[in-house]
Amino acid sequence: MKLFIDSGNIKDIEALVAIGIIDGVTTNPTLLAKEPGDYRQNLKKICDIVKGPVSGEVTAVDVAGMLREGREIAKIDQHMIVKVPLTRAGIQACKTLSDEGIRVNVTLCFSAAQALLAAKAGATYISPFVGRLDDVGTNGMELIREIVQIYNNYDFTTEILVASARNPIHVIEAAKMGADIATCPPAVIDMLFNHPLTTIGLEKFLKDWEKTQAVHGVDAVKA
Ligand code: E4P
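Every value quoted in this text rests on a predicted model; they were computed, and no experiment measured them.

Glancing now at the packing of helix α6 (residues 112–120) against helix α8 (residues 140–154). In the contact formed by α6 and α8, the axes pass within 9 Å of each other and the chain directions differ by 40 degrees. Judged on the interaxial angle alone, α8 and α6 are oblique. The way α6 lies across α8 gives a crossing that is right-handed. Of the residues in α8, those touching α6 at Ala112, Ala115, Leu116 and Ala119 are Leu143, Glu146, Ile147, Ile150 and Tyr151. Tallied by class, residues from the contact of α6 with α8 come to 8 nonpolar, no polar and 1 charged.

Here we take up the site of the ligand. Near the ligand the following residues occur: Asp6, Thr26, Asn28, Lys83, Phe129, Arg132, Ala163, Ser164 and Arg166. Take aspartate 6: an N or O atom from its side chain is 2.8 Å from an oxygen atom of the ligand. Measuring from an oxygen atom of the ligand, one finds a side-chain N or O atom of arginine 132 at 2.6 Å. Within the complex, the protein chains bury 86% of what would otherwise be the 340 Å² of accessible surface of the ligand. Of the residues assigned to the shell around the ligand, the class counts are 2 nonpolar, 3 polar and 4 charged.

The next point concerns the pairing of strand β5 (residues 104–109). Of all 6 residues making up β5, 5 are buried, and the element is well covered by its neighbours. Alignment of strand β4 (residues 80–85) against β5, held across 4 bridges, turns out to be parallel. Bridge pairing in β5 places proline 85 opposite threonine 107. The parallel pair β4 and β5, bridged by helix α5 (residues 88–99), forms a crossover whose chirality is right-handed. Relative to strand β6 (residues 125–128), β5 is paired through 3 bridges, and the arrangement is parallel. Bridging from a neighbouring strand, asparagine 105 pairs with tyrosine 125 of β6. With α6 bridging β5 and the parallel β6, this β-α-β connection has right-handed handedness.

Quick notes on the rules
- Think of each chain on its own: its residues are numbered from 1, step by step along the sequence as written.
- Reporting of local features is limited, given that this is a predicted model, to residues whose pLDDT is at least 70; pairs of side-chain atoms are given and counted only at 80 or more, and all residues count toward the totals for whole chains, interfaces and linings.
- Values shown for side chains rest on all heavy atoms present in the structure; no hydrogens or waters enter the calculation.
- All axes are obtained by fitting lines to C-alpha atoms, using only the stretch in contact for helices, and the reported angles, taken between N-to-C directions, cover 0 to 180 degrees.
- Helix and strand definitions follow DSSP, with helices as H or I runs of at least four residues and strands as E runs of at least two, each counted in order from the N terminus.
- With respect to orientation, any angle under 35 degrees is reported as roughly parallel, any angle over 145 as roughly antiparallel, any angle of 65 to 115 as roughly perpendicular, and every other angle as oblique.
- Note: crossing handedness is left-handed where the near helix turns anticlockwise from the far helix by less than a right angle, and right-handed where it turns clockwise.
- Any two residues whose heavy atoms approach within 4.5 Å at even a single point are treated as in contact.
- For this scheme, ten residues count as nonpolar: Ala, Val, Leu, Ile, Met, Phe, Trp, Tyr, Cys and Pro. Four count as charged, namely Asp, Glu, Lys and Arg, and the remainder, Gly too, count as polar.
- When we say a residue is near a molecule or strand, we mean one of its heavy atoms is within 4 Å of it.
- As used in this structure description, the phrase polar contact means that two N or O atoms lie within 3.5 Å; if the pair is within protein, one of them must be able to donate a hydrogen and the other to accept it, and residues adjacent in sequence are counted only when both atoms belong to side chains.
- Accessibility throughout is a Shrake-Rupley quantity obtained with a 1.4 Å probe, and a residue counts as covered only by protein chains that appear here.
- Only protein chains enter the area calculation, which uses a 1.4 Å probe; residues under 20% of their type maximum are buried, those over 50% are exposed, and those in between are partly exposed.
- Pairing between strands requires that DSSP locate at least two bridges from one strand to the other.
- A clockwise path from the first strand over the helix to the second, with the strands pointing away from the viewer, defines a right-handed crossover.

Dropping the structure here:
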């Protein structure tokens, strides 16, 4: 399964990409609005760092505006993916842009029916928001299960990009279900690394090693 960073922060992205386990980046207007500087230049920098798919979202709500913005976003870098919201206009723009060879990520997906429409419109990615569904008392991961089943039934090539991931359980469940990608904020990626038994185990290994070194050190002096 691919792992994307859900952030517009250059430093966070640089630090995580350096580890070597990041396949791409997703942004949205809220995330980009937090960062200083021109958002196009920031997206270009992100593309240069990750050298994989980077989603940048249109803010127009009509088809003509989405097409205009989408084509501009696509020109920023070969790695750019145009993100459109799952509205009628978004689906129409997705179809047109996809037919032109521009890769589209359809975002703000909250139902299997919406995911079916995005696949039919040729979306490269569908982004179901699991955390926001959980927030309103609906099981977000159940939606992923439904989409995996529907896409498999018809061999749709649209990749399932699990978005709004809030914890490691979202990521693990997504992997078990066969979702293609999980996009996580840096804090959630940190959580994936952490386990208290790893921390405790490493502390003990290092303490034991220090003791042995001390003994060997003494032996070395005697010899
Ligand atoms: C995905 O592309 C979105 O940017 C993101 O996952 C939204 O997550 P949130 O619900 O934590 O804002």
